Amino acid sequence: MTAESVIDTQGDQTAAQAPATVRASLSPSRAADFKTCPLLYRFRSIDRLPERPTVEQARGTLVHAVLERLFDLPAPARTPESAGDLVAPQWDRLVTEEPELSTLFADGDAAGVDGFLRSAAALLEGYFAVEDPRRLEPAEREALISAVVDDELLIRGYLDRLDVAPDGALRVVDYKTGGAPREAFEARALFQLKFYALVLWRTRGVVPRVLRLLYLKDAEVCDYAPDAEELVRFERTVVALWRAIEQATARQDFRPRPSRLCDWCSHQSRCPSFGGTPPPFPVAAAAPDPLVDARSRPATPGADE
Ligand code: SF4
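Since this is a predicted model, take the numbers as computed values, not measurements. (Residues numbered from 1 in each chain as written. Predicted model: local features only at pLDDT ≥ 70, side-chain atom pairs only at ≥ 80, totals over all residues. Heavy atoms only, no water.)

A. Quick peek at the packing of aromatic side chains. What the rule picks out here adds up to eleven aromatic pairs. When the ring of tryptophan 91 is compared with that of phenylalanine 116, the centres are 4.6 Å apart and the planes differ by 55°; the resulting orientation is tilted. With a gap of 25 residues between them, tryptophan 91 in helix H5 (residues 80-97) and phenylalanine 116 in helix H6 (residues 110-130) connect regions that are remote in the sequence. The class for tryptophan 91 is buried, based on a relative accessible area of 5%. Using a relative accessible area of 3% as the deciding quantity, one classes phenylalanine 116 as buried. Ring geometry for tyrosine 127 and tyrosine 175: centres 6.0 Å apart, planes at 90°, overall edge-to-face. Here tyrosine 127, found in helix H6, pairs with tyrosine 175, found in strand S5 (residues 170-176); they are 48 residues apart in sequence, far enough to count as distant. (Phe/Tyr/Trp six-rings, centres within 6.5 Å; stacked < 30°, edge-to-face > 60°. Helix = DSSP H or I, 4+ residues; strand = E, 2+ residues; numbered from the N terminus. Buried < 20%, exposed > 50% of the residue type's maximum accessible area, 1.4 Å probe, protein only.)

Okay, here's the thing in structure tokens:
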């Protein structure tokens, strides 16, 4: 099994720059979808069914945006007050960029928007309870990282933050903003962090020392220390997962796998486990380019948060 670094970039250019041997790409979110429920993967990645944004998802996006911008400020200015001041302007920016977010609140529902912004500010308080951003200088924020594994699979995803210690040690940080029960999603969150760890190891030759989940609602930190042997096994798992996706696609056979996560699934009405019927499988001409995988930002609240 071989791996080849592609590029670390803020832009989503990696598919175009990948070696000619690359046949497909896989993000941690989509890989986790298939692992969680093959039919969910199909709905999101093959049928590309729309999922209405929800308040919880929007709050997560907003908090991630504020935390990213917070580190644009000089270190002494990264205070809770500064973060609070970023909430409303960042929400305005997000609504301008994604107008469907404005449909989360009825026209003129100023109280609803105000309560939403205050709930985002409360999550930021959770952040400041576990970290002091004045003492941090992240190496990367919202960075797209990618690597080619098994010569033909491009794995890539956006990590929330990467810290690099003076001795070169890497710490991958993922902010969790959802209110869903943590035990239902922790395995999925860890899967995603190992995905990033694998990419970093393959591109930089360094196994991240720490994979850190920051649970902002509970103001808790969950650290995990991977090792190289584990990442070798994980790489095999990712490649095997991709082979399984290829087989399922060839057979047009994506089965539902009901679990607690169904409570956060947008597609119950089309799911046989809930009495629904999936749409006809897209014809080949309409099928998505496997190199144009969705970015790794959570697609539904709770699913990744
Ligand atoms: S409702 Fe559950 S079983 Fe059905 S597609 Fe969604 S996650 Fe899968």
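B. Spotlight on the side chain of aspartate 163. With respect to the helices, strands and loops of the structure, aspartate 163 is situated in strand S4 (residues 153-164). Judged by relative accessible area, which is 7%, aspartate 163 ranks as buried. One polar contact links aspartate 163 to arginine 161, side chain to side chain, over a distance of 2.7 Å. Contacts of aspartate 163, omitting those with residues within four sequence positions, involve Leu136, Pro138, Ala139, Ala169, Leu170, Arg171 and Val173. (Polar contact = N/O pair within 3.5 Å; in protein donor to acceptor, adjacent residues only side chain to side chain. Contact = heavy atoms within 4.5 Å.)

C. Representation of the confidence of the model for the protein. In the predicted model, the protein carries a mean pLDDT of 87, and the fraction of residues at 70 or more is 86%. Averaged over each element, pLDDT in the protein is lowest for strand S1 (residues 3-9) (35) and highest for H5 (97). In the predicted structure, residues 1-14 sits below a pLDDT of 50 and forms 51 contacts with residues beyond four places in sequence or in another chain. Low pLDDT, under 50, characterises residues 293-304; the stretch is placed with 47 contacts to residues that sit more than four places away or in other chains. (pLDDT = per-residue confidence, 0-100.)

D. H6, seen in detail. The terminal C-alpha atoms of H6 lie 31 Å apart, and with 21 residues this matches the ideal 30 Å at 1.5 Å per residue to within 8%. Buried within H6 we find Phe116, Leu117, Ala120, Leu123, Leu124, Gly126, Tyr127 and Phe128. (Expected span 1.5 Å × (residues − 1).)

E. Broad picture of the nonpolar core. Counting residues in hydrophobic clusters, the biggest one holds 46 residues, and the most contacted among them are Leu153, Ile155, Leu159, Val172 and Phe254. For this core, the element with the highest residue contribution is helix H7 (residues 182-204), accounting for ten residues. Other than its neighbours up to four places away in sequence, leucine 159 contacts Glu140, Arg141, Glu142, Ala143, Ile145, Val172, Tyr196 and Leu200. (Core = buried A, V, L, I, M, F, W, Y, C linked by side-chain atoms within 4.5 Å.)

F. How the structure looks around the site of the ligand. Every residue near the ligand is listed here: Cys37, Phe43, Pro256, Arg257, Pro258, Cys262, Cys265, Gln268, Cys271 and Phe274. Looking at the shell around the ligand residue by residue, the class counts come to eight nonpolar, one polar and one charged. (Near = heavy atom within 4 Å. Nonpolar A, V, L, I, M, F, W, Y, C, P; charged D, E, K, R; others polar.)

G. Seen up close, the environment of leucine 154. As for its position among the elements, leucine 154 is in strand S4. Each C-alpha atom, one on leucine 154 and one on serine 25, is 4.3 Å from the other, the two residues being 129 residues apart in sequence.

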